[in-house]
Amino acid sequence: MLTITMRRATPDDVAAVACHVHALLDELSAGQAPTLDAVTATARNVLASDRVIALLAEQDGTAIGLLTLNECMAIYAGGLFGEICELHVSAAQRSRGIASRLLSAALDEARARGWSRLEVGAPAQPEWSRTLSFYRTNGFVETGPRLRRTVDGS
């Protein structure tokens with residue numbers, strides 16, 4: 001059995017990060033994700049920022065999972081908290097505890113940064129009930145749905 005390691009991604013990991021985010025978006029949108037090139041361009045900008053933390057799960061030097069975190073601040077949360085924006089594990093690697101290990105690494109990061117909590121928006125139910133169950137099993141509680149609106153109104 002090969003060892004799985006967790007580490008923070010660097011700007012040099014843009015291809016691995018983009019591949020995981022593209023695969024996640026493709027799953028969530030039933031094949032309607034932006035192109036890999038577009039996701040890669042965005043990933044390059046995001047990874048160059050100090051506002052996002054990307055964690056990679058690797059097996060034998062290959063990225064098999066990704067979790068990204070944003071630092072947020074809100075009065076309701078008591079100040080600083082983290083938001084999980086993307087969590088993806090390669091299909092062939094699922095059900096091996098990799099996502100739980102990524103969550104554990106995210107909690108370590110949250111503690112180190114003094115965040116009060118982690119939040120995540122779960123995909124629509126009941127289609128993604130397994131995702132909701134995963135987060136519940138890992139100590140998350142539902143606080144309601146999340147909505148979005150683009151700034152330009154479209």
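Now for the overall build of the protein chain. For the protein chain, the helix and strand inventory stands at 4 helices and 5 strands. Of the regular secondary structure in the protein chain, the N- to C-terminal order runs β-α-α-β-β-β-α-β-α. In the protein chain, which comprises 154 residues, the share counted as buried stands at 36%. About 9600 Å² of surface is accessible on the protein chain, with carbon and sulfur atoms providing 53% of the total. For the protein chain, the separation between the mean place of its 15 positive charges and that of its 17 negative charges on side chains is 4 Å.

Time to look at the nonpolar core. With 21 residues, the main nonpolar core has Leu55, Leu67, Leu69, Ile84, Leu102 and Leu118 as its most contacted residues. Mapped onto this core, the elements with two or more residues apiece are strand S2 (52-59), strand S3 (62-74), strand S4 (79-89) and helix H3 (98-113). The greatest single-element share of this core, amounting to 7 residues, is contributed by H3. Once residues lying within four places of it in the same chain are set aside, the contact partners of Ile84 are Leu67, Thr68, Leu69, Leu103, Leu118, Glu119, Val120, Tyr135 and Phe140. Counting 12 residues, the second-largest nonpolar core is a separate cluster that includes Val14, Leu47, Ala54 and Leu66.

What follows deals with the side chain of Gln59. Tracing the sequence through the fold places Gln59 in strand S2. Engagement of the side chain of Gln59 in a polar contact is seen with the side chain of Arg96, the distance being 3.4 Å.

What follows is about the packing of aromatic side chains. Enumeration according to the criterion identifies 3 aromatic pairs in this entry. Relative to Phe140, the ring of Tyr135 lies with its centre 5.2 Å away and its plane at 75°, an arrangement referred to as edge-to-face. Take Tyr135 and Phe140: they sit in the same class, and that class is buried. By way of ring pairs, the aromatic residues Phe134, Tyr135 and Phe140 are connected into one cluster.

Turning next to the sheet that holds strand S5 (residues 118-120). Read across the sheet, 5 strands follow the order S1-S2-S3-S4-S5 without closing on themselves; strand pairing throughout is mixed. Where the open sheet ends on each side, the last strands, each with one partner, are strand S1 (4-8) and S5. Neighbour to neighbour, the strand axes of the sheet diverge by 30° on average, direction disregarded. The sheet contact formed by S2 and S3 spans 8 bridges and is antiparallel. By the bridge assignment for S3, Glu58 is matched with Ala63.

With that out of the way, let us pick up the pattern of salt bridges. Here the structure, examined in full by the defined rule, presents 8 salt bridges. For Glu27, the salt bridge goes to Arg94, with nearest N and O atoms at 2.6 Å. Of the two residues, Glu27 is situated in helix H1 (residues 14-28) and Arg94 in the loop between S4 and H3; the sequence distance between them amounts to 67 residues. Judged by relative accessible area, which is 31%, Arg94 ranks as partly exposed. Between Asp108 and Arg111 there is a salt bridge; the shortest N-O distance is 3.1 Å. In this pair, Asp108 and Arg111 both sit in helix H3, 3 residues apart, roughly one turn of the helix. By relative accessible area, which is 58% here, Arg111 ends up exposed. Here the salt bridges share partners, and the residues they tie into one network are Arg7, Asp13 and Glu58.

Analysis parameters
Every chain is numbered independently, its residues counted from 1 as its sequence is written. Totals for whole chains, interfaces and linings use all residues, but because this is a predicted model, local features are given only for residues with pLDDT of at least 70 and pairs of side-chain atoms are given and counted only at 80 or more. For side-chain calculations, the full set of non-hydrogen atoms in the structure is used, while hydrogens and water are omitted. Under the scheme used here, helices are H or I runs from DSSP no shorter than 4 residues and strands are E runs no shorter than 2 residues, and both carry numbers assigned from the N terminus. Exposure categories follow from relative accessible area, calculated using a 1.4 Å probe and restricted to protein chains: below 20% of the type maximum is buried, above 50% is exposed, and the middle band is partly exposed. Using a 1.4 Å probe, accessible areas were evaluated by the Shrake-Rupley method; residue-level cover was limited to the displayed protein chains. Lys and Arg are tallied as positive, Asp and Glu as negative. Neither His nor the chain termini are counted. Where a charge lies is defined by one atom per residue type, namely NZ (Lys), CZ (Arg), CG (Asp) and CD (Glu). As used here, the term nonpolar core means buried Ala, Val, Leu, Ile, Met, Phe, Trp, Tyr and Cys residues forming a set that is joined through side-chain atoms within 4.5 Å. By definition, residues are in contact when any of their heavy atoms lie within 4.5 Å. Nitrogen and oxygen atoms within 3.5 Å of one another constitute a polar contact, given that in protein one can donate a hydrogen and the other can accept it, and given that sequence-neighbouring residues count only through two side-chain atoms. In this analysis, rings of Phe, Tyr and Trp, with Trp reduced to its six-membered ring, are considered paired at centre separations within 6.5 Å, and the interplanar angle assigns stacked below 30 degrees, edge-to-face beyond 60, and tilted for intermediate values. By the convention used here, strands pair only if DSSP detects at least 2 bridges between them. To get an axis, a line is fitted to the C-alpha atoms, and for a helix only the part in contact is used. The angle between two axes follows their N-to-C directions and goes from 0 to 180 degrees. Each salt bridge in this description consists of a side-chain nitrogen of Lys or Arg and a carboxyl oxygen of Asp or Glu lying within 4 Å of one another.

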